[in-house]
Amino acid sequence: MNADTVESTSSDSYQFGMVTLNAPVDELKMDIASYTDPAGRDSNEDAILATELTGIRSGHLLAVADGMGGYEHGEVASRLAIDVLQSALAESSSQDVAVALKQAYRQANQQIFEFGAKEGNAQPLGTTLVSAVVVGHYATIANIGDSRAYLFRANQLTQITQDHSVVGEQVAKGEITEDQARTSRQRNLLTASLGLSEILDRRLPSIYEIALLPEDSLLLCSDGFYDVLETQDYLGLLGDRSQGDVARQLTDLAKTRGTTDNVSAVVLRVSPSVAAVQRVQLHTELAEARPKTSALWLPIAAIILLIAIIAVGAWFYL
């Protein structure tokens, strides 16, 4: 389990989808936590990473990999993907984060493929890999396979990445629904992963770029959650600021719901802006300064009772 805090200062416009928001970011604070658990299996073929970036760029690197290839080999594939990704980004001289990520994924693919060829494993050896490079308030996300990246913003959950899987592509085309994908016999069939072929498709990995805003949460996770958690489960945990380690809370919930797979999560949470904190403090102070209803009730009740007594007396004696 890893936990980090990072601060950055800047002011810019943020783009997400077709919406542009102009908002100053005086001090963007981020809390990062990660957790992985074998959960529904005897061994854990997932691997996770949450670390500071070194080299030409200052920021954080987050990643989740879900290996396949049988006992021990799946673990090797996911670990190789994480290790190569980290070292390649540290050594990269490219100023373009997306380019650096694509180069890192190609190196990881080559090493995993060569390992599989050397071992002569009967089962295909490969791994998914979803990663995010966070520099300042910008996040560049790369993905191959069906591990996912989600953005929690304004109490809404958006799946950023698209699964490279048979059912994922069917859902994207509108051929089946998300609920149908959960029960499909093809739900575990990937259309792309690291290590299955000697040369990675030039279109991969898929790259997504977003700007983080105060109170956002970025979630990277393996597919062990999909069959057992609903959108409201994610919203409930990611939206509750009192929750400390949301990554562990999510994995524990998946285990409670009976997941049959490994579960891994890396969660980055952006703290509220200074203005939002000040607004909450102001509302609290105003509420505390406002006269209590119970304190006003006694004198009001006494006045009403006195008026009633005078009225009855006047009616009786006149």
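Below you will find a few notes about this structure.

A few points about the overall build of the protein chain
Within the protein chain, the secondary structure is distributed over eight helices and twelve strands. Considering the protein chain as a whole, with its 318 residues, one finds that 45% of them fall into the buried category. Pairs at least 24 apart in sequence give 71% of the contacts found in the protein chain among residues at least 6 apart. Total accessible area on the protein chain stands at roughly 16,900 Å², and carbon and sulfur atoms take up 53% of it.

Some thoughts on the side chain of Ser184
Residue position: Ser184 is located in the loop between α4 (178-183) and β10 (206-211). Looking at Ser184, its side chain comes within polar contact range of the main-chain nitrogen of Gln186, at 3.1 Å.

Some details on helix α5 (residues 231-238)
Buried within α5 are the following residues: Asp233, Tyr234, Leu235, Leu237 and Leu238. In this structure, the buried side of α5 is in contact with β8 (148-153), β9 (156-159), β11 (217-221), α6 (246-256) and β12 (263-270).

A few points about the layout of surface pockets
Of the voids in this model, the largest pocket is the one considered here, and its volume is about 1,000 Å³. Asp146, Arg148, Arg187, Asp223 and Tyr226 are the residues nearest the centre of the largest pocket, which is lined by 45 residues in total. Among the secondary structure elements, those contributing two or more residues to the lining of the largest pocket are β4 (60-68), β8, β9, α3 (166-172), α4 and α5.

Re the environment of Gln170
Mapping Gln170 onto the fold places it in helix α3. Sequence separation between Gln170 and Ala181 is eleven residues, and the spatial gap between their C-alpha atoms is 8.3 Å. When sequence neighbours within four positions are dropped, the list of residues in contact with Gln170 reads Glu175, Ile176 and Gln186.

Considering the pairing of strand β6 (residues 129-135)
Within a regular strand, side chains alternate between the sheet's two faces. In terms of burial, β6 is a largely internal element, six of the seven residues being buried. Across five bridges, the pairing between β4 and β6 is antiparallel. When the bridges of β6 are listed, Ala63 appears paired with Ser131. Pairing geometry for β6 and strand β7 (residues 138-144), over seven bridges, is antiparallel. When the bridges of β7 are listed, Val133 appears paired with Thr140. The loop that links β6 with its antiparallel partner β7 comprises two residues; one of these, Gly136, has a positive phi angle of about 60°.

Quick word on the environment of Gln159
Position of Gln159 among the secondary structure elements: in strand β9. The residues touching Gln159, leaving out its near neighbours within four places in the chain, are Arg148, Ala149, Tyr150 and Glu178. Among the polar contacts listed, one links the side chain of Gln159 to the side chain of Arg148, at a separation of 3.5 Å. Here Thr161 takes part through its backbone oxygen, which lies 2.8 Å from a polar atom of the side chain of Gln159.

Procedures and definitions
Residues numbered from 1 in each chain as written. Predicted model: local features only at pLDDT ≥ 70, side-chain atom pairs only at ≥ 80, totals over all residues. Heavy atoms only, no water. Helix = DSSP H or I, 4+ residues; strand = E, 2+ residues; numbered from the N terminus. Buried < 20%, exposed > 50% of the residue type's maximum accessible area, 1.4 Å probe, protein only. Contact = heavy atoms within 4.5 Å. Areas by Shrake-Rupley, 256 points an atom, 1.4 Å probe, with all protein chains shown as cover. Polar contact = N/O pair within 3.5 Å; in protein donor to acceptor, adjacent residues only side chain to side chain. 1 Å grid on protein atoms, 1.4 Å probe; cavity = no way out; pocket = protein on both sides within 12 Å on 5 of 7 lines; lining within 4 Å. Points joined across faces, edges and corners; volume = space filled by probe spheres on them. Pairing = 2+ DSSP bridges.

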